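Fold and geometry: a report
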Amino acid sequence: MTGPEDLTGRARIRQAAPLHFGEHGFGVDVFSPEGAHPLALTLLDLYSHPLLTPEAAAGLRDALAKPPGHG
């Protein structure tokens, strides 16, 4: 597994996507004993680094507050 200092925001999103969508993106079932360790490392990394800057999050909140087709 890549060290946290080597991951970009995009790489973190690629790690998070299988967890979010319930896929087995680690090559093992994340709910099995074999998947517990890679899952724990990934969650630690994801929760210890923001995926968005505060400015980017604010911009996305503003964009999502507008009805589709009115932006």
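In what follows, the structure referred to is the one given above.
Quick caveat, the model's predicted, so the values are computed rather than measured.

Further remarks concern the overall build of the chain. Scanning the chain from terminus to terminus reveals three helices and zero strands. Seen in sequence order, the chain has helices and strands lined up from the N terminus as α-α-α. Here the chain displays about 5,500 Å² of accessible surface, and carbon together with sulfur accounts for 63% of that area.

A separate point is helix α2 (residues 33–48). For α2, built from 16 residues, the straight-helix expectation of 22 Å at 1.5 Å per residue is met to within 8% by its first-to-last C-alpha distance of 23 Å. Among the residues making up α2, those that are buried are Gly35, Pro38, Leu39, Thr42, Asp45 and Leu46.

Topologically, Leu52 is positioned in the loop between α2 and α3 (54–65). Sequence-distant contacts of Leu52, that is, excluding residues within four places in its chain, are made with Ala57 and Leu60.

The rules behind the values
- Residues numbered from 1 in each chain as written.
- Predicted model: local features only at pLDDT ≥ 70, side-chain atom pairs only at ≥ 80, totals over all residues.
- Heavy atoms only, no water.
- Helix = DSSP H or I, 4+ residues; strand = E, 2+ residues; numbered from the N terminus.
- Areas by Shrake-Rupley, 256 points an atom, 1.4 Å probe, with all protein chains shown as cover.
- Expected span 1.5 Å × (residues − 1).
- Buried < 20%, exposed > 50% of the residue type's maximum accessible area, 1.4 Å probe, protein only.
- Contact = heavy atoms within 4.5 Å.

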